[in-house]
Amino acid sequence: MKKTISCMNIDENMLHSFGGEKIRYISKEFIYKEGDRSLYYFQIMSGKVKLSTYNEEGKEFIQNILGKNQSFGDPLLFIERLYPTNAVCLEAAEIIRMPKNNFIEMLQKHPDLSLEMNACLSQRLYYNSMMVRNMASHNPIHRLKGLMDYLKSYYDGDCEHCFPVELTRQQIADLTGLRVETVIRTVKKMVGEGIIKIDGRKILY
């Protein structure tokens, strides 16, 4: 298995040297809301953050759950678009926040970070395309694998069954368009085929 690129994990001292500030958030606190202007680069030092949207009926759709040393908000800093998701802390978190202009200056002065950023963004696009393709399949295993491949693409790791899928069965159903009963049956089948492992109720991919 090829090692994936953690998007992004910039040295903390460098972030501070370019004006990054560490902010503490409490559980369930919004970091930003859908429709807000994209003004900052965010990197998680501790805790977990959920990226999600809500439809017109108020039903939540989770895009991703991120943890320590992972970043978010960075792609929008290059295209002047509003946030398409909410970012909410699932637990108490410490996050370094860097203003857009400082972030761009840092990349200009450190071209190696720009190259890493390009690789990171390319990887996100690739796995997003793969997930969309698998979601079109009528095979529920393909749909679940597409989702898990996408989530795992945000993490470093070259081991099998090392990535914890931080989603409930209901959340997986909502993300894949499957019934929760189908997800439960499919998870059992994937365990039997050695695609995933189960630790308690946690899925390891």
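Everything numeric in this text was worked out from a predicted model, so none of it was measured.

Analysis parameters
- Residues numbered from 1 in each chain as written.
- Predicted model: local features only at pLDDT ≥ 70, side-chain atom pairs only at ≥ 80, totals over all residues.
- Heavy atoms only, no water.
- Helix = DSSP H or I, 4+ residues; strand = E, 2+ residues; numbered from the N terminus.
- Buried < 20%, exposed > 50% of the residue type's maximum accessible area, 1.4 Å probe, protein only.
- Contact = heavy atoms within 4.5 Å.
- Pairing = 2+ DSSP bridges.
- Axes fitted to C-alpha atoms, helices over the stretch in contact; angles between N-to-C directions.
- Core = buried A, V, L, I, M, F, W, Y, C linked by side-chain atoms within 4.5 Å.
- Parallel < 35°, antiparallel > 145°, perpendicular 65-115°, else oblique.
- Salt bridge = Lys/Arg side-chain N within 4 Å of Asp/Glu carboxyl O.
- pLDDT = per-residue confidence, 0-100.
- Polar contact = N/O pair within 3.5 Å; in protein donor to acceptor, adjacent residues only side chain to side chain.

A. The overall build of the protein chain, seen in detail. Each helix and strand counted, the protein chain has 6 helices and 11 strands in total. Principal-axis analysis of the C-alpha atoms gives the protein chain an extent of 50 × 40 × 30 Å. For the protein chain, with 205 residues in total, the buried portion stands at 45%. A separation threshold of at least 6 residues defines the contact pool for the protein chain, and within that pool the share at least 24 residues apart is 74%.

B. Representation of the sheet that holds strand β3 (residues 40-46) in the model. Pairing within the open sheet is antiparallel, and its 4 strands lie in the order β1-β8-β3-β6. Because the sheet does not close on itself, it has two edges, and the strands there are β1 (21-25) and β6 (71-72). Pairing of β3 with strand β8 (residues 93-99) involves 6 bridges; the strand directions are antiparallel. Considered in β8, the bridge of Q43 is made with I96. Across the sheet, helix α2 (residues 100-109) is in contact with β3 and β8; its angle to β8 comes to roughly 75°.

C. Spatial organisation of the nonpolar core. I31, V49, F72, I95 and V165 are the most contacted members of the largest nonpolar core, which has 40 residues in total. Tallying contributions element by element places helix α4 (residues 140-152) first for this core, with 6 residues. The contact partners of I31, leaving out residues within four places of it in the chain, are Y25, F42, V49, F72, A87, C89 and I95. F18, M45, L77 and C120 belong to the second largest nonpolar core, which has 15 residues in total.

D. Highlighting the packing of α2 against helix α3 (residues 111-135). Running from N to C, α2 and α3 point in directions that differ by 110°, and their axes come no closer than 5 Å. Compared by their axis directions, α2 and α3 come out roughly perpendicular. Taking contact as the criterion, the partners of F103, M106, L107, Q108 and K109 in α2 are, on α3, P111, L113, S114 and M117.

E. Structural detail: the packing of α4 against helix α5 (residues 169-176). For the pair α4 and α5, the least separation of the axes is 10 Å and the interaxial angle reads 100°. Taken together, the axes of α4 and α5 are roughly perpendicular relative to one another. Note on element contacts: α5 touches α4 through I172, L175 and T176, opposite R143, L144 and L147.

F. The arrangement of the pattern of salt bridges in detail. Following the criterion strictly, the structure yields 10 salt bridges and no others. Residue R179 pairs with E181 through a salt bridge whose shortest N-O separation is 3.5 Å. In this structure E181 comes out as partly exposed when scored by relative accessible area, which is 38%. One salt-bridge network, in which partners are shared between bridges, spans E12, K22, R24 and E94.

G. Seen up close, the confidence of the model for the protein chain. Averaged over all residues, the pLDDT of the protein chain is 88; the fraction at 70 or higher stands at 95%. Between the elements of the protein chain, mean pLDDT differs from a low of 81, seen in strand β5 (residues 60-66), to a high of 98, seen in β1. Here residues 1-6 is a poorly scored stretch, pLDDT under 50, and it has 24 contacts once near neighbours within four places are set aside; other chains count.

H. Region of the structure containing the environment of T186. Inspection of the secondary structure puts T186 in helix α6 (residues 180-192). For T186, a relative accessible area of 5% corresponds to the buried category. Distance from T186 to Y205, taken between C-alpha atoms, is 14 Å for residues 19 residues apart in sequence. Apart from the residues within four sequence positions on either side, T186 is in contact with P140, I141 and L144. Side-chain polar atoms of T186 contact the backbone oxygen of T182, separated by 2.7 Å.

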